[in-house]
Amino acid sequence: MKRILTALCFGAGVAAALAAAEVGKPAPDFTATDITGKTHRLSDYKGKIVVLESYNYDCPFVRNHYKTGAMQELQSELTGKGVVWLVVNSVHPGHPNHRTREAAQKEWNELGIKATAWLDDSSGAIGKAYGMRTTPHMFVIDKDGTLVYEGAVDDRPSSSGDPRKARNYVREVVNKLLAGEKPEVTQTRPYGCSVKYAD
């Protein structure tokens, strides 16, 4: 069953249609509204490290990261170091996994999400600009606005078990940047479920 689930979730058929931001180049700027109604622009965070997390709690891979508390711990650890962490939900409004603002706020509270903000990307604009293929799919942007990492959150593509036992690429990359060093790993294959875009 796990093999079937993994195969289904890896099948991100929209990947070919996505523009995909490139590591080593300026990260695409964007303007988006979070679930509290606040507007966020990537350019506002120049001078800070930014993490983007493609999110859909109905995906079993994402659910496992949150049910174990591993994702919230990572969010808390890195935002505590001054990192901006933006959860990006690109599920289109016609899909059963879509969250209204009210439902998203309830989920945020119930899960104890420790990110900076949850961005409503139901138009798919951010997701497509970055080439977000799966949930989760992670991106790290350095203080100069350059995309320095894209791919999986860790090296453990599983929808069960403890993610804390994995090699966490996001933590590694961010800590290297904070130390003024160049990340060793800049790109990996993301795992999870396909992003539920409108087309």
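By convention here, each chain's residues receive numbers from 1 onward along its written sequence. With the structure being a predicted model, the display of local features is reserved for residues of pLDDT at least 70 and the display and counting of side-chain atom pairs for 80 or more, all residues being used for whole-chain, interface and lining totals. Derived side-chain values reflect all non-hydrogen atoms in the structure, with water molecules and hydrogen atoms excluded from consideration.

Asker: Describe the overall build of the protein chain, listing the residues and the values that go with them.
Answerer: Helix and strand definitions here come from DSSP, where helices need a minimum of 4 consecutive H or I residues and strands a minimum of 2 consecutive E residues; each element is numbered from the N-terminal end. Scanning the protein chain from terminus to terminus reveals 6 helices and 9 strands. What the globule rule says is 2.2 Å times the number of residues to the power 0.38, and the radius of gyration is computed from C-alpha atoms. The C-alpha atoms of the protein chain give 15 Å as radius of gyration, which agrees with the globular expectation for 199 residues (16 Å, within 12%). Dimensions of the protein chain, computed from C-alpha atoms along their principal axes, come out at roughly 45 × 35 × 35 Å. Burial statistics for the protein chain: of 199 residues in total, 52% are counted as buried. For this analysis, residues touch if any pair of their heavy atoms sits within 4.5 Å. Put simply, of all contacts in the protein chain between residues at least 6 apart along the chain, 74% involve residues at least 24 apart. On the protein chain, roughly 9,100 Å² of surface is accessible, and the fraction owed to carbon and sulfur atoms is 49%. Type-normalised accessible area, obtained with a 1.4 Å probe on protein chains alone, sets the label of each residue: buried when under 20%, exposed when over 50%, and partly exposed for intermediate values. The Shrake-Rupley method, run with a 1.4 Å probe sphere, supplies the accessible areas, and residue values consider only the shown protein chains as cover.

Asker: Report on the environment of Ala20, specifying residues and quantitative values.
Answerer: Following the sequence through the fold, Ala20 ends up in the loop between α1 (2–10) and β1 (31–33). On the basis of relative accessibility, which here comes to 35%, the residue Ala20 falls in the partly exposed class. Setting aside its immediate chain neighbours within four residues, Ala20 contacts Lys128, Ala129, Tyr130 and Gly131.

Asker: Lay out the environment of Pro96 with the relevant residues and their values.
Answerer: By the secondary structure assignment, Pro96 is in the loop between β4 (84–89) and α4 (101–111). Residue Pro96 is classed as exposed on the basis of its relative accessible area of 72%.

Asker: Now, about the pairing of strand β8 (residues 147–151): what can you tell me, with residues and values included?
Answerer: Among the 5 residues of β8, 5 are classified as buried, and the element is accordingly described as predominantly covered. Here a strand pair is declared whenever DSSP counts at least two bridges between the two strands. As defined by bridge partners, strand β7 (residues 138–141) adjoins β8 across 4 bridges and the pair is classed as antiparallel. Bridge pairing links Phe139 to Glu150 in β8. Linking two consecutive strands that pair antiparallel, namely β7 and β8, is a turn of 5 residues; a positive phi of about 90° is found at Gly145 within it.

Asker: Could you give an account of the state of the cysteines, with specific residues and numbers?
Answerer: Here, a disulfide means two cysteine sulfur atoms that sit within 2.5 Å of each other. Counted by the stated rule, this structure contains 1 disulfide. Through a disulfide, Cys59 is tied to Cys193; the S-S separation comes to 2.3 Å. Between Cys59 and Cys193 the sulfur-sulfur dihedral comes to about 80°; the bridge is accordingly right-handed. One end of the pair, Cys59, is in the loop between β3 (50–54) and α2 (60–67); the other, Cys193, is in strand β9 (residues 193–194), with 134 residues separating them in the sequence.

Asker: Could you give an account of the confidence of the model for the protein chain, with specific residues and numbers?
Answerer: Model confidence for the protein chain is summarised by a mean pLDDT of 92, while 90% of its residues fall at 70 or above. Values of pLDDT, which run from 0 to 100, indicate the predictor's confidence residue by residue. Every residue in residues 1–17 scores below 50 in pLDDT, and together they form 20 contacts with partners more than four places removed in sequence or on other chains.

Asker: Describe the pairing of β3, with residues and values.
Answerer: Counted residue by residue, β3 has 5 buried out of 5 residues, so it is predominantly covered. Residues Val50, Leu52 and Ser54 point to one face of β3 and Val51 and Glu53 to the other, with burial holding for every one of them.

Asker: Pulling in residues and values, what's your account of the packing of helix α3 (residues 70–79) against helix α6 (residues 169–178)?
Answerer: Here an angle of 0 to 180 degrees is reported between the N-to-C directions of two axes, which are lines fitted to C-alpha atoms, with helices fitted over the stretch in contact. One way to put it is that α3 packs onto α6 with a least axis distance of 11 Å and a crossing angle of 5°. Comparing the axis directions of α3 and α6 gives the class roughly parallel. In this structure, α3 contributes Leu74, Glu77 and Leu78 to the contact, and α6 contributes Val170, Arg171, Val174 and Asn175. Asp, Glu, Lys and Arg are counted as charged, while Ala, Val, Leu, Ile, Met, Phe, Trp, Tyr, Cys and Pro are counted as nonpolar; the rest, among them Gly, fall into the polar class. Grouping the constituent residues of the contact of α3 with α6 by class yields 4 nonpolar, 1 polar and 2 charged. By the definition adopted for this analysis, an angle is roughly parallel if under 35 degrees, roughly antiparallel if over 145, roughly perpendicular if from 65 to 115, and oblique otherwise.

Asker: Lay out α6 in plain terms, naming residues and giving numbers.
Answerer: When we look at burial in α6, the residues that qualify are Tyr169, Val170, Val173, Val174 and Leu177. Taken end-on, α6 shows its buried residues confined to a sector of 125°, consistent with a single buried face. In this structure, the buried side of α6 is in contact with β3, α3, β4, β7 and β8. Under the rule applied, a polar contact is a pair of N or O atoms within 3.5 Å (in protein, one hydrogen donor and one hydrogen acceptor; residues adjacent in sequence only if both atoms are side-chain atoms). For α6, the side-chain oxygen to backbone nitrogen distance between the N-cap and Val170 is 3.2 Å, and the N-cap itself is Asn168. Once α6 finishes, Gly180 follows within two positions and takes phi at roughly 75°, a positive value. As used here, the arc belongs to the directions running from the helix axis to the C-beta atoms.

Asker: Kindly report on the nonpolar core, identifying the contributing residues and their values.
Answerer: Core analysis: the largest hydrophobic core is formed by 35 residues, its most contacted members being Tyr55, Tyr66, Trp85, Ile113, Val140, Tyr149 and Val170. Mapped by element, the contributors of at least two residues to this core are α2, α3, β4, α4, β7, β8 and α6. Per element, the largest residue contribution to this core is 5 residues, and it comes from α6. Beyond its immediate stretch of four places on either side in the chain, Tyr55 contacts Val62, Tyr66, Val87, Val88, Asn89, Glu107, Leu111, Ile113, Trp118 and Thr135. Working definition of a nonpolar core: buried Ala, Val, Leu, Ile, Met, Phe, Trp, Tyr and Cys residues. They are joined through side-chain atoms within 4.5 Å. In terms of nonpolar packing, the next biggest core, distinct from the first, is built from 21 residues, Leu52, Val84, Leu86 and Tyr130 among them.

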